[in-house]
Amino acid sequence: MKNLTASTDLSIRRVKFRSPILQGWEWTVHDISAREPGPRLCVMAGIHVNEVSSIEAAFQLVERFRRELRRGTVSIMPIANPPALPYRSEYVCPIDGKNINFCFPGSSSGTFSEALADGILNEWAADADCLIDLHGGDLCESVARFTVVPTIGDPEFDEFNLALSTAFEPDIIVRLDPDQLAMPGRSCSGRARQRKNAVFAEAGNNGLIDDHSVKFHRDGVLRVAALLGMMDGECLPPKKQPIVADQYHWIQSGVDGWCRYAVEPGEKVVRGQLLATIDDYSGNVIREVLAPTEGHLLWRCTHAVVTSKTDLFGIAGTRDRSR
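Residues numbered from 1 in each chain as written. Predicted model: local features only at pLDDT ≥ 70, side-chain atom pairs only at ≥ 80, totals over all residues. Heavy atoms only, no water.

*Asks:* Help me understand the overall build of the chain in this model?
*Replies:* A tally of regular secondary structure across the chain gives 5 helices and 18 strands. Taken across its 323 residues, the chain has 54% of its residues classed as buried. Here the contacts in the chain between residues at least 6 apart in sequence split such that 71% fall between residues at least 24 apart. Surface exposure of the chain reaches about 14,300 Å², of which carbon and sulfur atoms provide 50%. Counting 35 positive and 42 negative side-chain charges, the chain places the averaged centre of each group 3 Å from the other. (Helix = DSSP H or I, 4+ residues; strand = E, 2+ residues; numbered from the N terminus. Buried < 20%, exposed > 50% of the residue type's maximum accessible area, 1.4 Å probe, protein only. Contact = heavy atoms within 4.5 Å. Areas by Shrake-Rupley, 256 points an atom, 1.4 Å probe, with all protein chains shown as cover. Lys, Arg positive; Asp, Glu negative; His and termini not counted. Charge placed at Lys NZ, Arg CZ, Asp CG, Glu CD.)

*Asks:* Can you walk me through helix α2 (residues 112-124) in this structure?
*Replies:* Helical geometry note: an α-helix holds 3.6 residues per turn, so side chains three or four residues apart project in the same direction. Counting buried residues along α2, 10 of its 13 residues qualify, which places the element largely inside the surrounding structure. Residues of α2 that are buried in the fold lie against β2 (8-15), β3 (27-34), β4 (36-44), β5 (71-77), β6 (130-135) and α4 (187-193).

*Asks:* What should I look at first to understand the pairing of strand β16 (residues 295-301) in this one?
*Replies:* A large share of β16 lies buried, amounting to 7 of its 7 residues. With 3 bridges joining them, strand β7 (residues 141-150) and β16 adopt antiparallel strand pairing. Of the residues in β16, the one forming a bridge with E141 is C301. Sheet topology places strand β13 (residues 268-269) next to β16; 2 bridges connect them, and they run antiparallel. Paired with V269 across the strands is G295, a residue of β16. Direction of pairing for β16 relative to strand β18 (residues 311-317): antiparallel, over a ladder of 5 bridges. Directly across from H296, in β18, lies its bridge partner A316. (Pairing = 2+ DSSP bridges.)

*Asks:* Before we go on, may I ask you to explain a nonpolar patch on the surface in this structure?
*Replies:* Together, W258, Y281 and V305 make up a nonpolar patch on the protein surface, roughly 330 Å² of accessible area in all. Along the polypeptide, Y281 turns up in the loop between β14 (274-279) and β15 (285-290). Residue Y281 is classed as exposed on the basis of its relative accessible area of 56%. (Patch = residues over 30% accessible without salt bridge, like charges linked within 9 Å, V, L, I, M, F, W, Y side chains within 5 Å. Salt bridge = Lys/Arg side-chain N within 4 Å of Asp/Glu carboxyl O.)

*Asks:* So what exactly am I meant to see when it comes to the side chain of S75 here?
*Replies:* Of note, S75 is situated in strand β5. A distance of 2.8 Å separates the side chain of S75 from the side chain of W124, its partner in a polar contact. Setting aside residues up to four positions removed in sequence, S75 forms contacts with R13, V29, H30, D31, R40, L41, C42, V43 and W124. (Polar contact = N/O pair within 3.5 Å; in protein donor to acceptor, adjacent residues only side chain to side chain.)

*Asks:* Before we go on, may I ask you to explain the confidence of the model for the chain in this structure?
*Replies:* Regions with low pLDDT should not have their predicted coordinates read in detail. In this model, the chain carries a mean pLDDT of 95, and residues with pLDDT of at least 70 account for 97%. Here strand β1 (residues 2-3) stands out as the least confident element of the chain, with mean pLDDT 42; β6 is the most confident, with 99. (pLDDT = per-residue confidence, 0-100.)

*Asks:* Can you help me understand the packing of helix α1 (residues 52-68) against helix α5 (residues 211-227) in this one?
*Replies:* Viewed as axis vectors pointing N to C, α1 and α5 meet at an angle of 45 degrees, and their least axial separation amounts to 8 Å. The orientation of α1 with respect to α5, classified from their angle, is oblique. At the point where α1 passes α5, the crossing takes the right-handed sense. From α1, S53, S54, E56, A57, Q60, L61, R64 and F65 reach across to α5, where they touch S213, V214, H217, R218, V221, L222 and A225. For the contact of α1 with α5, the residue count by class is 7 nonpolar, 5 polar and 3 charged. (Axes fitted to C-alpha atoms, helices over the stretch in contact; angles between N-to-C directions. Parallel < 35°, antiparallel > 145°, perpendicular 65-115°, else oblique. Left-handed = near helix turned anticlockwise from the far one by under 90°. Nonpolar A, V, L, I, M, F, W, Y, C, P; charged D, E, K, R; others polar.)

*Asks:* Help me understand the nonpolar core, please; the structure alone is not making it clear to me.
*Replies:* One recurring pattern in soluble globular proteins is that nonpolar side chains are buried together. Of all hydrophobic cores here, the largest spans 38 residues; its most connected members are F17, M44, W124 and F146. Broken down by secondary-structure element, the contributors of at least two residues to this core are β3, β4, α2, β7, β8 (172-176), β9 (198-205) and β16. If sequence neighbours within four positions are ignored, F17 has contacts with L22, W27, M77, L116, G119, I120, E123 and W124. Counting residues in hydrophobic clusters, the runner-up holds 35 residues, among them I32, I79, F168 and F216. (Core = buried A, V, L, I, M, F, W, Y, C linked by side-chain atoms within 4.5 Å.)

Structure follows, in structure tokens:
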């Protein structure tokens, strides 16, 4: 398919990965190519299929790049976890019950999620100058506008990775130290282990499409493309500098019960601050959830019914380097 006005070519293809574990599955990819050579940008969404604002942004980006791409190629995978679609699975791939988001860099001989992570990094996006992974707002989740940036200890690489992430104009950036790359993790961490650039962006609410979150994802990708020289115009510095943290704290419920939340994503919290109370079903408070550290709330669960293993909050904090 051609669009002569925009001087781009658009093709839609079905990608199959080499691992026999992924046999029988295929991934829809939209490829947009400009007439002038340039970088290759890969954009994916739908590792979590209820994070629909990021998926909608991916679909909108196909048309935007079709009209506005000037140099290089863009490959967009709107749904990275097709097995989850008929089940609307929260967080996990129903084939192996794993969260693909924490399986990178993966393994071609691992489980389905691990093989998929490997295929994404080492086949589809292997030659990409940048991989962008869009997330945020599963069915029971409200998420601030933030990005995650892994570092490797190379100042030039780390500075450019941070610049790519800052182009999204997030409210919060979580910068991960090199020692956090040893374990399997997000796509951006898998790329960092390969000394390749990536952006990991989050924004969204409760499995619903909202224009504010769609715009954050869509415009962030376009600004990254401008920074890479793929679009006309320049990527201007953000109007507001983001908060930069270097710790990502997960807080679980610890008990079964009825949860009442006291804070919202984006808010600053202090150590010991009340985040939520959990009652039993007789109306008795059985736990007060307190902030373990000072920081900013990245996201919170939105459902009142929680189990002892429910992830309630994510907090971006700062490492105490005085010790």
